[in-house]
Amino acid sequence: MVAWVDFGQPSFWLAAGSIVFNPTFWNIAARQEYHNKAITKLFGGNSRLGCYALAVTIFSLGIIRDYIYHTALSHQPTHPLLTSSPPIHLSAIPLFLTGNLLVLTSMYALGITGTYLGDYFGILMDEPVTSFPFNVTSAPMYHGSTLSFLAAAIWAGKPAGLLLTALVALAYKVARRYEDPFTAMIYAKRDREGRREGKKGL
Ligand SMILES: *[C@@H]1O[C@H](CO)[C@@H](O)[C@H](O)[C@H]1NC(C)=O
C-alpha cells in the first residue's frame, strides 16, 4: 500500500497555507481599505497609488504561492496512471492554455484597478464588463487560476497536486461567497447615490 500523498512533507502544508492565505489576505486588506481607507492613508491619500501597491502585493504573493506549490509537488510521489497515459498527461496542455487565456484576458478586460479590487478604493467601473471572458464565466480569473493548478498537477503526475487544486477551488469559492455580495453592495450604493445626484440636477 503506497501513499499517493505524502502528508509528512512540510512543503505540502506550506503550499496549503499559502493557497488559503492569499485570498484571505486580499479580502482583509480590501475591507480595511473600504471601511478605514487603510491603504490609501498609507499612500498619503492617493487611492490609485494604494490600489497599484495592493496589485503589486497580490501579484507577488501569487508568484510566491505558485513557486511554493511547484516545490511542494516536486517532493510528492508520482502516480503512474497520471504520467503513463498520454491522454491524461497531455490533457494538461489545453487545461494550462485555457487557464492562462482566462486569467490574461480577464486582466486585460478589467485593467489593473478592476482586477485588483479597485472597487474597494472607490475606483469603480462605469458598467459591468460583459465582454470575453466574462461572457463564458462569471469568475474567469478564479476559474482560470484553478485550471492552471490542475494542469500543473496532471503534468507532473502528482495526486497531491490534485488535492491542493481542490483546496484552491475551495478557497476561491469561499472568497467569492464573501466578495460577490460586497462588490454588488458597493455598486448598488453608487447607483443609488448616482440617481440622487441625477435628481438634484433636474
Ligand atoms: C464571447 O465573446 C467572444 C468574443 O467576443 C465570442 O467569440 C464568443 O462567441 C462569446 N461566447 C459566448 C458564449 O457568448
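- Labelled according to an unreviewed UniProt entry, the chain appears under the name Phosphatidyl-N-methylethanolamine N-methyltransferase, originating from Westerdykella ornata.
- Looking at the chain in UniProt, the text filed under Function (unreviewed entry) is "Catalyzes the second two steps of the methylation pathway of phosphatidylcholine biosynthesis, the SAM-dependent methylation of phosphatidylmonomethylethanolamine (PMME) to phosphatidyldimethylethanolamine (PDME) and of PDME to phosphatidylcholine (PC)."
- Turning to the chain, the UniProt annotation filed under Sequence similarities (unreviewed entry) states: "Belongs to the class VI-like SAM-binding methyltransferase superfamily. PEMT/PEM2 methyltransferase family."

### Points about the pattern of salt bridges
- This structure, assessed with the given rule, holds 3 salt bridges.
- Of the charged contacts in the structure, one is a salt bridge between R65 and D66, with a shortest N-O distance of 3.6 Å.

### Some thoughts on the UniProt feature "binding site: S-adenosyl-L-methionine" (unreviewed entry) in the chain
- UniProt annotation of "binding site: S-adenosyl-L-methionine" (unreviewed entry) refers to L97, T98, G99, E179 and D180 when read in the numbering used here. Look at the named residues: they lie 84 residues apart in sequence, and the longest C-alpha span between them is 26.6 Å, so in the fold they stay spread out.
- You can see L97 is positioned in helix α6 (residues 92-115).
- For G99, a relative accessible area of 0% translates into the label buried.
- Setting aside chain neighbours within four positions, we find G99 in contact with G144, L147 and S148.

### Observations concerning the nonpolar core
- Core analysis: the largest hydrophobic core is formed by 35 residues, its most contacted members being L54, Y69, L117 and L164.
- Within the residue set of this core, elements represented by two or more residues are α1 (10-36), α3 (47-74), α7 (140-156) and α8 (159-201).
- The contacts of L164, once residues within four sequence positions are left out, are F12, A15, A16, I19 and Y69.

### Section: the environment of T40
- With respect to the helices, strands and loops of the structure, T40 is situated in helix α2 (residues 38-42).
- With 21 residues separating them in the primary sequence, T40 and I19 have C-alpha atoms 26 Å apart.
- Residue contacts for T40: discarding those within four places in its chain leaves E33, G45, N46, S47 and F121.

About the thresholds
Residues numbered from 1 in each chain as written. Predicted model: local features only at pLDDT ≥ 70, side-chain atom pairs only at ≥ 80, totals over all residues. Heavy atoms only, no water. UniProt positions renumbered as here; feature names shortened; annotations may be inferred. Salt bridge = Lys/Arg side-chain N within 4 Å of Asp/Glu carboxyl O. Helix = DSSP H or I, 4+ residues; strand = E, 2+ residues; numbered from the N terminus. Buried < 20%, exposed > 50% of the residue type's maximum accessible area, 1.4 Å probe, protein only. Contact = heavy atoms within 4.5 Å. Core = buried A, V, L, I, M, F, W, Y, C linked by side-chain atoms within 4.5 Å.

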